[in-house]
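Chains, contacts and geometry: an overview
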Amino acid sequence: MKKQTLLSALIVLVFSCNDDKKAETTISKYVKEIHSYAKPNESVIKHLNLNINVDFDSKIIGGTATYTIESNDASEIVLDSKFLEIERAEADGKPTEFTLGTFDKQLGQPLKIKITEDTKQITIHYKTTDKTEALQWLSPQQTADKTHPFLFTQGQAILTRSWIPIQDSPQIRITYNATVKVPKELMAVMSAENPKQKTADGLYTFKMKQPISPYLMALAVGDLEYKAVSNRTGVYAEKSMVDKAQAEFSDMEKMVVAAENLYGAYDWEQFDVIVLPPSFPFGGMENPRLTFATPTVIAGDKSLTSLIAHELAHSWSGNLVTNATWNDFWLNEGFTVYFEIRIMEALYGKDRANMIALIGRQDLEEEVEGFKDEPDMTKLKLDLTNKNPDDGMNSIAYDKGYLFLRTLEETVGRDKFDVFLKSYFKTNAFSTVTTESFVDYLNANLLEPNSIAFNVDEWIYQPGIPENQAIIVSDKFENAQNTLHSFIDNKAVDVSKTKGWTTQEWVHFIRNFPETITTEDLKRLDIAFDLTNSNNSHIAMVWYEQTINHDYHGKNVDQKIEDFLIRVGRRWYVSTLYKAFKRNNKVDEALAIYKKARANYHSVTANTIDDMLGYKS
Ligand code: BES
Ligand code: ZN
């Protein structure tokens, strides 16, 4: 580490004497990266021109990726590639040599392309293969309308390299143009300026003029329609979903306004959401200009839309100011949860905000408990050496990150904290931040000027949850808990006590069943509230978890769980349920369902569940 810094300093010195301009743009600004083969301090991509054809018959994307590059007299440029077929390469339009290095299960292969000091542009002719991890090709049956196939990509964390050869580190930033050819019945959309209607010939062109990190490259192709919510927000979805999506997300413009009032102008012009088929492996993915979302957030009553606030918040924390490496992932997600909850507070008040925060607080408790034999995994700053970045993508980054920032806010006062955050986003816009550079910035701009002592290092570099944590309270949750106890103590359910409950109260109520709850108690609750048939995905998920925990089999709930696990691929939901089976020594039941469900899952979900259940495909 030290050596590297010294070397960097030297290089900067040499070049700043030599050629100011070059030194400024490329030299040594990139930190050590364990999840990419690229050597951006030697040669780096700056702009991508992507020209691809999406073939649903062969399930292959093929075409060319042309990069404008900058280099320091390097003789090669190294890109990441995984499960790609590289056909040929060009440097400034002329054939050039390339080699593909040894394959690594996590990282794929380094793609080394020969260049000269004068090379301005490289072109790679390539194809994806049937192993490509980023892509999920869906049959019509797996979509909402059931008439056309569908394709979507998922880049985060290190999957973009499996559909585009690229320098796949979050420190890299590129602008891009793309030309995408799809079957003419379908529409293509990207993390870019998007069409609002289908073209006659299935040819679409895209432009992303702000520089973005490679994990934010995204494409979806399907029988889509667009409906505006405001002049800069709207929804894409299949026909049968688009009106529901528009109604559910009708507060989107208000969310953007609230976010801008908090931390500065929205820098991406348009904020749209595409509602994907239910196998989408995440709740949401913050692809710039076009958030990808699961249809499971469409509850019919806007009760799960904090997810939209979350993905919107990433337009600042993540997309504008980006974690430099996946060890710094908490900088993306912790800040985003904090910002999400501030947006929710601005729109719906403190009660709602604190309930969301408390649900995360309980997730954190469970995550810390789950890592009791691996305390290092409960640090904010991670060391993911030899690990897949996915291993660090859990509640610690989100909810411990949140709790840290909320505790800071309460310590310094909201006014000062907001001024600080606004300047943090502005100062670091369109660049990357390491945990260490954040700590420096925090000390210099918030703690030292205000003479505030705060145990920053303990929060960030030590396991567990420090003593000085903010205490979050919710009267509504206390009431829900009292109601729960009175139902159980009285062996009777007074339905009037739950009148007007929000989704968050229900979730809290269900998640906090005592260990000793009986199947009779569960039956009474199910009869009173029909929880087994809840149409709210979050309520259903936590209820299913409890029925697995406590051996309740009423109302055909087992079938419901199986249907849910086959239809929905959202990793957080399905892993919660498979984990519950496993914890309760019901791995065989889990495997029986998983065998039927697995083909419907995107690779990121399938990989997680394979590991969890010890499943070998
Ligand atoms: N960026 C994440 C999704 C992600 C994380 C993809 C890690 C790949 C690797 C996204 O912003 C997110 O956090 N989604 C959450 C929703 C949120 C409300 C907590 C999800 O998918 O559940
Ligand atoms: Zn997020």
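Above this note sits the structure.
Here goes a summary of the coordinates provided. Residue positions within a chain follow its written sequence, with the count starting from 1. Lettering for chains starts from A, numbering for ligands starts from 1, and both go in the order in which the items are written. Totals for whole chains, interfaces and linings use all residues, but because this is a predicted model, local features are given only for residues with pLDDT of at least 70 and pairs of side-chain atoms are given and counted only at 80 or more. Heavy atoms from the whole structure form the basis of all side-chain values; hydrogens and water molecules are not counted.

Here's the deal with the sheet that holds strand S16 (residues 233–238)
The test is simple: We treat two strands as partners when DSSP finds at least two bridges between them. Under the DSSP-based scheme used, a helix requires at least four consecutive residues in state H or I and a strand at least two consecutive residues in state E, with every element numbered from the N terminus. Contacts are assigned to residue pairs with any non-hydrogen atoms lying within 4.5 Å of each other. The axes are straight lines fitted to the C-alpha atoms, using for helices just the contacting stretch, and the angles between their N-to-C directions are given from 0 to 180°.
One open sheet holds the five strands; their spatial order is S15-S16-S17-S19-S18, and the pairing between them is mixed. Of all strands in the sheet, those bounded by a partner on one side alone are strand S15 (224–230) and strand S18 (284–285). Looking at chain direction, S15 and S16 are connected through six bridges and run antiparallel. If you follow Ala228 over to S16, its bridge partner there is Gly234. The strands touched by helix H4 (residues 252–263) within the sheet are S15, S16 and strand S17 (271–275), with S16 carrying the most contacts at an inclination of about 140 degrees.

Comments concerning the side chain of Ser162
This is how it is decided: The term polar contact refers here to a pair of N or O atoms within 3.5 Å; inside protein, the definition further demands a hydrogen-donor-capable atom paired with an acceptor-capable atom, and it admits residues adjacent in sequence only when both atoms are side-chain atoms.
Along the chain, Ser162 turns up in the loop between strand S10 (150–153) and strand S11 (174–181). In this structure the side chain of Ser162 is engaged in a polar contact, spanning 3.2 Å, whose partner is the backbone nitrogen of Glu133. For Ser162, the side chain forms a polar contact with the main-chain nitrogen of Ala134, separated by 2.9 Å. Other than its neighbours up to four places away in sequence, Ser162 contacts Lys82, Leu84, Thr128, Thr132, Glu133 and Ala134.

Section: the packing of helix H15 (residues 537–549) against helix H16 (residues 557–567)
What counts here: In these notes the angle categories are as follows: under 35 degrees is roughly parallel, over 145 is roughly antiparallel, 65 to 115 is roughly perpendicular, and the rest is oblique. If you view the pair so one helix is near and one far, a crossing is left-handed when the near helix is turned anticlockwise from the far one by less than a right angle, and right-handed when it is turned clockwise. Residue classes follow a fixed rule: Ala, Val, Leu, Ile, Met, Phe, Trp, Tyr, Cys and Pro count as nonpolar, while Asp, Glu, Lys and Arg count as charged, and any other residue, Gly among them, counts as polar.
At a minimum axis distance of 11 Å, the contact between H15 and H16 shows a crossing angle of 125 degrees. With respect to H16, the element H15 is oriented oblique. Once H15 is placed against H16, the crossing between them reads as left-handed. On the side of H15, the interface is formed by Ser537, Met541, Trp543, Tyr544, Thr547 and Ile548, while H16 contributes Val557, Lys560, Ile561 and Phe564. Among the residues making up the contact of H15 with H16, the classes are represented as seven nonpolar, two polar and one charged.

What to know about the site of ligand 1
Stated formally: Think of it this way: one heavy atom of a residue within 4 Å of a molecule or strand is enough to make that residue near it. Per-residue and other accessible areas follow the Shrake-Rupley method at a 1.4 Å probe size, with only the shown protein chains counted as cover for residues.
In the vicinity of ligand 1, 16 residues are found, and the nearest of them are Gln156, Gly283, Glu286, Glu311 and Tyr398. Backbone polar atom of Gly283 to an oxygen atom of ligand 1: 2.6 Å apart, as the coordinates give it. Backbone polar atom of Gly284 to a nitrogen atom of ligand 1: 3.3 Å apart, as the coordinates give it. Compared with its free state, where it exposes 520 Å², ligand 1 has 89% of that area covered by protein. Taken together, the elements giving at least two residues each to the shell around ligand 1 come down to S18, helix H5 (306–313) and helix H6 (329–348). For the shell around ligand 1, the element with the highest residue contribution is H5, accounting for three residues. Looking at side-chain class alone, the shell around ligand 1 contains six nonpolar, six polar and four charged residues.

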